[in-house]
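Residues per chain, in single letters:
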Amino acid sequence: MLKRSLLAATVSALCAQSYATPYMPMDARGLAMGNTGVASARLAHAPAYNPSLLSQARKGDNFALLFPQIGVNLADEAGLEDEATKLDEDIIPRIDAAFEDRGASEPVNFNKAVENMTAAAEQLGAQIESMDDVDGRTNSQKAADLRADNATFGDSISTANTELQEVNSATDDMIDSLKSISGNPLRARLGLGGAVALPGKQLAAAVSFRADVNASGRILFSGNDANLLSAYGTAASGYLDTSNGITDSVDELADKVDAGSATAADLSDTKAAVDEVNTYTSDPVQTAAGNISIFENGEISNDASEPVFDSQYEIVAIGIAEVGLSLSREFQVSGKTFAVGVTPKLQQVATYHYVGQVNEEDNAEEVELEDSEMTENHINMDIGTSFYIDAAHKMRVGVVIQDLISKDFEYAAVAVDGDADGQIAEGGKVSIKPKLRAGIAYEGGWYNVAADLDLTENEALAFEDPTQYLSVGGEMDAFGWAQVRAGLRTNLAADSNVVSLGAGVSPFGIHFDLAAMMDISKPEKELGIALETGFYF
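Participant: So what exactly am I meant to see when it comes to the overall build of the protein chain here?
Facilitator: Within the protein chain, the secondary structure is distributed over 10 helices and 23 strands. Taken over C-alpha atoms, the radius of gyration comes to 35 Å for the protein chain, far larger than the 24 Å a tight globule of 537 residues would show. Taking the principal axes of its C-alpha atoms as reference, the protein chain extends roughly 120 × 45 × 35 Å. Only carbon and sulfur atoms are counted for the fraction: they give 56% of the accessible area of the protein chain, which is about 23,200 Å².

Participant: What is the right way to look at the side chain of Ser52 in this model?
Facilitator: With respect to the helices and strands, the residue Ser52 is situated in the loop between helix H3 (46–49) and strand E2 (64–75). Its relative accessible area of 0% is what places Ser52 among the buried residues. Within the structure, the side chain of Ser52 is placed 2.8 Å from the side chain of Asn50, a separation counted as a polar contact. The residues touching Ser52, leaving out its near neighbours within four places in the chain, are Ser328, Ala339, Val340, Gly341, Gly384, Thr385 and Ser386.

Participant: Where do I start with the layout of surface pockets in this structure?
Facilitator: Think of a ball as big as a water molecule: rolled over the atoms, this probe shows where empty space is left. What the largest pocket holds in volume is close to 460 Å³. If you go around the largest pocket, you meet 20 residues; those closest to its centre are Ala57, Arg58, Lys59, His393 and Glu443. Lining the second largest pocket are 19 residues, and of these Arg58, Gln483, Ser506, His511 and Tyr536 sit closest to its centre. When the residues that make up the lining of the second largest pocket are grouped by side-chain class, the tally is three nonpolar, seven polar and nine charged.

Participant: I would appreciate a short explanation of the packing of aromatic side chains in the present structure.
Facilitator: For any pair of aromatic rings, the description rests on two quantities: the centre-to-centre distance and the angle between the ring planes. Per the counting criterion, the structure on display carries nine aromatic pairs. On the basis of an interplanar angle of 25° and a centroid distance of 5.5 Å, the ring pair of Phe331 and Phe338 is categorised as stacked. On the accessibility criterion, Phe331 (31% relative accessible area) is partly exposed. The class for Phe338 is partly exposed, based on a relative accessible area of 24%. Members of the aromatic cluster, each reached through a chain of ring pairs, are Tyr239, Tyr280 and Phe295. Just above the ring of Phe409 sits the side chain of Lys407; from NZ or CZ to the centre is 5.8 Å. The ring centre of Tyr469 lies 4.1 Å from the NZ or CZ of Arg489, which sits over that ring.

Participant: Can you walk me through the pattern of salt bridges in this structure?
Facilitator: Two side chains with opposite charge may pair up if their charged atoms get near one another. Within the structure shown, the criterion is met by 32 salt bridges. One salt bridge in this structure joins Arg189 and Asp212, with 2.4 Å as the shortest N-O distance. Highlighted residues: Arg189 in strand E3 (residues 185–198) and Asp212 in strand E4 (residues 204–220), separated in sequence by 23 residues. For the pair formed by Arg189 and Asp212, the shared burial category is buried. Between Lys256 and Asp266 there is a salt bridge whose closest N-O contact spans 3.5 Å. Highlighted residues: Lys256 in helix H8 (residues 246–259) and Asp266 in helix H9 (residues 264–279), separated in sequence by 10 residues. A cluster of three or more residues bridged by salt bridges with shared partners is formed by Arg189, Arg210, Asp212, Glu322, Lys345, Asp382, Asp403 and Lys435.

Participant: Is there a simple way to think about the packing of helix H6 (residues 139–181) against helix H7 (residues 223–241) in this case?
Facilitator: Think of two packed helices as two axes; the pair is described by the angle between the axes and how far apart they sit. With their axes 9 Å apart at the nearest point, H6 and H7 run at an angle of 160° to one another. Relative to H7, the element H6 is oriented roughly antiparallel. Here the hand of the crossing between H6 and H7 comes out left-handed. Along the contact surface, H6 presents Ile157, Ala160, Asn161, Leu164, Val167, Asn168, Thr171, Met174, Ile175, Leu178 and Lys179, while H7 presents Ala226, Leu229, Ser230, Tyr232, Gly233, Ala236, Ser237 and Leu240.

Participant: Is there a simple way to explain the pairing of strand E22 (residues 510–519) in this structure?
Facilitator: Moving residue by residue along a regular strand, the side chains alternate between the two faces of the sheet. Alternating positions in E22 separate cleanly, His511, Asp513, Ala515, Met517 and Asp519 being buried on one face and Ile510, Phe512, Leu514, Ala516 and Met518 remaining unburied on the opposite face. Two strands pair when backbone bridges link them, and strand E21 (residues 496–505) and E22 are joined in this way by eight bridges, in the antiparallel orientation. In the strand pairing of E22, Leu501 is matched with Ala516. When E22 meets strand E23 (residues 526–536), the two strands line up antiparallel, connected through nine bridges. Residue pairing in the sheet places Phe512 in a bridge with Thr533 of E23. Following E22, the chain reverses through six residues before pairing antiparallel with E23.

Participant: Where do I start with the nonpolar core in this structure?
Facilitator: The tendency in soluble globular proteins is for nonpolar side chains to be buried as a group. Among the nonpolar cores identified, the biggest contains 55 residues, and Phe110, Phe153, Ile294 and Phe295 are the most heavily contacted of them. Going through the elements one at a time, helix H4 (80–99), helix H5 (110–129), H6, H7, H8 and H9 are the ones with two or more residues in this core. At 12 residues, the largest contribution of residues to this core is made by H6. If near-sequence neighbours (up to four positions away) are discounted, Ile294 is found in contact with Leu228, Ala231, Tyr232, Ala235, Ser282, Glu299, Ile300, Ser301 and Ala304.

Participant: Please explain the confidence of the model for the protein chain as it appears in this structure.
Facilitator: Caution applies to low-pLDDT parts of the model: their predicted coordinates are not meant to be read in detail. When pLDDT is averaged across the protein chain, the result is 87; 93% of the residues are at 70 or more. Contacts from residues 1–19, a stretch scored under 50 in pLDDT, to residues over four places away or in other chains number 78 contacts.

Participant: What exactly am I supposed to notice about H7 here?
Facilitator: Given 3.6 residues per helical turn, the α-helix brings residues three or four places apart onto the same face. Helix length check: H7 (19 residues) gives 27 Å between terminal C-alpha atoms against 27 Å at 1.5 Å per residue, within 8%. Among all positions of H7, only Asp225, Ala226, Leu228, Leu229, Ala231, Tyr232, Gly233, Ala235, Ala236, Gly238, Tyr239 and Leu240 are buried.

Participant: How do you make sense of the packing of H5 against H7 when you look at a structure like this?
Facilitator: Two numbers describe how H5 lies on H7: the axes approach to 12 Å, and their chain directions differ by 25°. Classed by the angle they form, the pair H5 and H7 counts as roughly parallel. Once H5 is placed against H7, the crossing between them reads as left-handed. Between H5 and H7, the contacting residues are Phe110, Val114, Met117 and Thr118 on the first element and Ala236, Tyr239 and Leu240 on the second.

Rules used in this analysis
- Residues numbered from 1 in each chain as written.
- Predicted model: local features only at pLDDT ≥ 70, side-chain atom pairs only at ≥ 80, totals over all residues.
- Heavy atoms only, no water.
- Helix = DSSP H or I, 4+ residues; strand = E, 2+ residues; numbered from the N terminus.
- Rg over C-alpha atoms; globule rule 2.2 N^0.38 Å.
- Areas by Shrake-Rupley, 256 points an atom, 1.4 Å probe, with all protein chains shown as cover.
- Buried < 20%, exposed > 50% of the residue type's maximum accessible area, 1.4 Å probe, protein only.
- Polar contact = N/O pair within 3.5 Å; in protein donor to acceptor, adjacent residues only side chain to side chain.
- Contact = heavy atoms within 4.5 Å.
- 1 Å grid on protein atoms, 1.4 Å probe; cavity = no way out; pocket = protein on both sides within 12 Å on 5 of 7 lines; lining within 4 Å.
- Points joined across faces, edges and corners; volume = space filled by probe spheres on them.
- Nonpolar A, V, L, I, M, F, W, Y, C, P; charged D, E, K, R; others polar.
- Phe/Tyr/Trp six-rings, centres within 6.5 Å; stacked < 30°, edge-to-face > 60°.
- Lys NZ or Arg CZ within 6 Å of the ring centre and 35° of its normal.
- Salt bridge = Lys/Arg side-chain N within 4 Å of Asp/Glu carboxyl O.
- Axes fitted to C-alpha atoms, helices over the stretch in contact; angles between N-to-C directions.
- Parallel < 35°, antiparallel > 145°, perpendicular 65-115°, else oblique.
- Left-handed = near helix turned anticlockwise from the far one by under 90°.
- Pairing = 2+ DSSP bridges.
- Core = buried A, V, L, I, M, F, W, Y, C linked by side-chain atoms within 4.5 Å.
- pLDDT = per-residue confidence, 0-100.
- Expected span 1.5 Å × (residues − 1).

The structure is reproduced here in structure tokens:
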């Protein structure tokens, strides 16, 4: 009866809004160290964090190549997966069991209990009508037949009431679960990148590219669907209420029949009470299909047996492909060493928008995410500086502004997938805005430590929490051949704390690095992995 598409939508006609892209490079070294890098990134990683670091590379770094860099990040900030699992494994099976056939071993469900109760009421009504018949039965035999049919009717009421309690429990749990996750986001990110870098005090240069896709999705559980789900129990309770007192009245009638004192009025009044069960129609309720009644003439209506939902799920995604040329130079001022770097870059930005109907109509035109693609080119720039704060050049501070030139990119108004009436969901905007971050790092030879801080709060891409990351991390390096890394990243703008671990091997200048991260409190709240191959000579 209740389609599992409602659950499928959970695990993805809305107002236009403006959202922003996050700050989170996806390289394996930086991710393993808590997403630090503004003051600690290595040569080929510098374009992703702070281009000025190209001029402050380690001694012996003459050339660096990174390819490929691959990273994946998934986040379920509000525990939607837990509720989806609960729905899938507990609540929906209970609702299915209440309304769908269970097999010969346990044939009674709520639908069947209602059918049995209606049939028993019809039989009881016919038996009452037969009390005036001259059919060879004595008054005692008629009374016995009436009591037998009344007992069957009473048993059917008891069975229906038992099934109703489970229906009420399951639908209440489903409504609570869906309300708790309505609007909650799921987000995902996939990144691919690479870079070639040449260090130099007077002039350092790098060419880098990246292609990132950031997606955010949510479900919107509608009031119509909440009305529909809650109406089943309310209507069924009303149906059972019509039977209150009927069995007692029939027993009294049977006593009168047995004694030969039953009047035509007694038969008529009792028959009318029984007929109310067979003609019961519940109050109409507002649903996506309009006003419907769960019960019509003592039976579950066709509209209630094949319900129409109008809850929706929405996905907003932005893909950014960019190529940048990083240039950096080191300066000496009053005995202090600092570097400045810039990365002008060409960006191609594609936006995507998808809205799906949870109750998809077979006759509706199919809509795909790529149908909404809108593409635009943009020129942007990163600017960074870094400087040593000690004479030994071991402690360094960095500051960077990424995406200095802000721009809004529209995502399209789209037809709602699965809506046969051609409903259109409004579009909106995704923004690329400047992101300001500072960092500090200490390089101790065989170990390195770093910390980064977003100096401004960054808006969310779409439906998730905004971010303002404070990150700390460290690396231990065994003779330049093997590295172990760990880090911690906390979101000052929301409740999120992520721990990261990673390792690398670098024989003869060839680097293989792997990193993973997860939320401390609940791993499924945020997970990420990154790997890369590089060459340092």
